[in-house]
Structure formats: C-alpha cells, structure tokens
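# Secondary and tertiary structure notes
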Amino acid sequence: MGTVWKRPVLAAAFSLCAMVGISTPHQAEAREIVRVNFNAEPGTIIIRNSERRLYLIKENGMAIRYRVAVGRASEQWEGRTVVNGRHVRPAWSPPAVVRRANPNLPDVIPGGAPNNPMGEGALTLAGGEYAIHGTTEGMRRSVGTAASFGCFRMLNEDVVDLMNRVSVGTQVVVTR
C-alpha cells in the first residue's frame with residue numbers, strides 16, 4: 001500500500017530534475033568493502049593491474065575495492081609512487097604518447113568539458129604523466145578493462161569517493 005504513491009512521486013521528481021537540467025548521479029557500481037591480506041599500512045592505495053582493481057587499505061585487514069581501467073598490455077607499469085596532486089574537474093593536455101595515437105586531439109580540453117577524460121577528478125602521481133582519474137560518460141564501459149595509456153580510470157562517483165578519502169602524500173603501490 002505504501003509504494004503506490006512512491007512511484008508517481010519519484011517519476012515526477014525525475015521529470016522535474018530533467019526539465020531544470022539537473023542529472024541524477026550514477027550509483028556507485030565499482031566500490032565494495034573486502035577483506036585483504038596485503039602487507040600495507042592503512043591509507044595506502046594498491047593497484048593490481050592483473051585484477052583491474054584499486055584497493056584503499058583500511059584498518060583490520062579490510063579495504064575498499066574499486067574497479068579501474070588499467071593500461072593496455074603495452075602501457076602497464078608497476079612500482080611505488082605517491083599522490084602529488086588532487087584536482088577537481090581538471091583541464092587535460094594529452095601527453096605525447098596519447099597525441100601520437102590521436103593527433104587530432106586539441107592541445108587542452110577544459111575541465112568539466114564532456115569530452116575531458118579526467119572526468120570529475122584526478123589524483124596525479126609523482127614521477128610521470130600518470131593519474132588515477134574519472135572518465136567521460138562515453139568511456140564508463142572501459143572501467144574494469146585494460147584500455148588506457150597507463151593511467152587508472154575510475155567511474156566518476158568512485159574517483160570522487162576516493163579523493164574524499166586520501167590526500168597528497170598517500171602511498172601508491174602498483175603491481176602486475
């Protein structure tokens with residue numbers, strides 16, 4: 001009995017949002033709490049290329065696990081680094097490797113533009129041109145695959161969640 005009125009109210013709310021240009025956020029699809037046996041301090045980010053997963057280590061052997069797009073087989077890397085920047089809706093300039101593969105890309109794609117591959121946010125990584133970042137609407141399907149030029153692509157709602165949990169200086173460990 002209680003659900004009869006909810007459907008029309010929800011439909012009206014979604015219609016109103018659409019009319020005024022407010023989009024409803026995507027539900028987080030990639031995030032879950034899991035038990036892990038990694039030897040890492042809480043707060044460390046571990047990215048496992050083979051699993052296409054990013055783990056944010058928590059206390060007591062737990063972690064938040066996110067699906068990520070990792071580098072194509074020829075673009076994957078491993079090692080240790082740190083987060084050296086936190087950027088909300090950053091502008092993006094294609095690195096040389098991306099420009100060689102896509103010579104028609106503009107020099108800069110403004111932050112917030114629908115074709116900006118950084119999406120809602122980016123955690124830049126020290127020592128290279130790599131980042132953990134969001135994505136465009138059209139590239140959402142690539143999350144969970146090996147599709148990038150070495151960066152780690154997340155759903156926008158998940159990169160925002162991660163950005164709210166880590167800071168500059170966070171340790172990042174990337175493994176095969």
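Looking now at the pairing of strand β3 (residues 53-57). Strand residues, when the strand is regular, have side chains that alternate between the two faces of the sheet. In terms of residue burial, β3 counts as a mostly covered element, since 4 of its 5 residues are buried. Pairing analysis gives 4 bridges linking strand β2 (residues 45-48) to β3, with the strands arranged antiparallel. The residue bridging I47 from the neighbouring strand is L54, located in β3. Remark: 4 residues form the turn of the hairpin made by β2 and β3, two consecutive strands paired antiparallel; R52 in that turn has positive phi of roughly 60°. Once β3 ends, the chain turns through 4 residues before running back antiparallel as strand β4 (residues 62-67), passing N60 with a positive phi of about 60°.

Taken as a whole, the protein shows an average pLDDT of 87; of its residues, 83% reach a score of 70 or greater. Of the regions scoring below 50 in pLDDT, residues 1-25 engages in 2 contacts with residues more than four places distant in sequence or in other chains.

Grouped together as the largest cluster of nonpolar side chains are 21 residues, with contacts concentrated most on I45, I47, L54, I132, F152, M154 and L162. By residue number, the principal contributor to this core is helix α3 (residues 156-163), which donates 3 residues.

Right, let's talk about the sheet that holds strand β10 (residues 152-153) for a bit. The 9 strands are arranged β1-β4-β3-β2-β11-β6-β7-β8-β10 in an open sheet whose pairing can be described as mixed. On the outer flanks of this sheet lie β1 (32-35) and β10, each paired with one strand and no other. Contacts from α3 reach β2, β3, β4, β6 (79-88), β7 (121-125) and β8 (131-133) within the one sheet, and its direction differs from that of β7 by about 60°.

Cut-off values and rules
Residues numbered from 1 in each chain as written. Predicted model: local features only at pLDDT ≥ 70, side-chain atom pairs only at ≥ 80, totals over all residues. Heavy atoms only, no water. Buried < 20%, exposed > 50% of the residue type's maximum accessible area, 1.4 Å probe, protein only. Helix = DSSP H or I, 4+ residues; strand = E, 2+ residues; numbered from the N terminus. Pairing = 2+ DSSP bridges. pLDDT = per-residue confidence, 0-100. Contact = heavy atoms within 4.5 Å. Core = buried A, V, L, I, M, F, W, Y, C linked by side-chain atoms within 4.5 Å. Axes fitted to C-alpha atoms, helices over the stretch in contact; angles between N-to-C directions.

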